[in-house]
Amino acid sequence: MAPRVEIHYCTQCRWLLRAGWMAQELLTTFSDTLGEVALVPQKGGVFTVYVDSELVFDRKTEGRFPEMKEVKQLVRNKVAPSMDLGHSDTV
């Protein structure tokens, strides 16, 4: 079964555009790897990213939003560890 990514975002904070953009980037980068990217509306300042139900990023824990490069690396590490991300792998 292909991996599933979930992006939980706060509707009260109006973070749908940010979540949608991240979903688009992940689907473009991992087009042959991911089975699904789901946007999950929440409340209370939530912005989290899960890969197959495993939390890989939490805005509240980190105290910031993730950079797209960081999200791609976190997802890659779970779904395709040997995949080269090109410029997203540079420091």
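Given the structure is predicted, the values throughout are model-derived calculations rather than measurements. (Residues numbered from 1 in each chain as written. Predicted model: local features only at pLDDT ≥ 70, side-chain atom pairs only at ≥ 80, totals over all residues. Heavy atoms only, no water.)

Student: How would you summarise the side chain of Arg59 if you had to cite specific residues and measurements?
Tutor: Mapped onto the fold, Arg59 is located in helix H2 (residues 59-62). One buried charged side chain, Arg59, makes no salt bridge at all; its nearest oppositely charged neighbour is Asp58, positioned 6.5 Å away. Of the polar contacts made by the side chain of Arg59, one reaches the backbone oxygen of Gly45; its length is 2.7 Å. (Helix = DSSP H or I, 4+ residues; strand = E, 2+ residues; numbered from the N terminus. Buried < 20%, exposed > 50% of the residue type's maximum accessible area, 1.4 Å probe, protein only. Lys, Arg positive; Asp, Glu negative; His and termini not counted. Salt bridge = Lys/Arg side-chain N within 4 Å of Asp/Glu carboxyl O. Polar contact = N/O pair within 3.5 Å; in protein donor to acceptor, adjacent residues only side chain to side chain.)

Student: How would you explain the nonpolar core if you had to name every residue and give the values?
Tutor: One finds Val5, Ile7, Leu26, Leu34 and Val75 to be the most contacted residues of the largest nonpolar core, which totals 23 residues. Listing elements by their share of this core, those giving two or more residues are strand S1 (4-10), helix H1 (16-29), strand S3 (47-51), strand S4 (54-58) and helix H3 (68-79). Not counting residues up to four positions away in its chain, the partners in contact with Leu26 are Val5, Ile7, Ser31, Leu34, Val37, Met68, Val71, Lys72 and Val75. (Core = buried A, V, L, I, M, F, W, Y, C linked by side-chain atoms within 4.5 Å. Contact = heavy atoms within 4.5 Å.)

Student: Go over the environment of Gly44 with me, naming the residues and quoting the values.
Tutor: Along the chain, Gly44 falls in the loop between strand S2 (36-42) and S3. C-alpha of Gly44 to C-alpha of Cys10: the two residues are 34 residues apart in sequence and 6.3 Å apart in space. What Gly44 contacts, discounting residues up to four positions off in sequence, is Cys10, Gln12 and Lys60.

Student: Outline the sheet that holds S3, listing residues and values.
Tutor: Spatial ordering of the open sheet is given by S2-S1-S3-S4, a layout of 4 strands whose pairing is mixed. Strand pairing shows two members of the sheet lacking a second neighbour, S2 and S4, which therefore form its edges. Ignoring which end each strand starts from, the neighbouring axes of this sheet average 20° apart. Set on the sheet, H3 makes contact with S1, S3 and S4; between it and S4 the angle comes to about 165°. (Pairing = 2+ DSSP bridges. Axes fitted to C-alpha atoms, helices over the stretch in contact; angles between N-to-C directions.)

Spatial relationships are all this shows, so hold off on functional conclusions.
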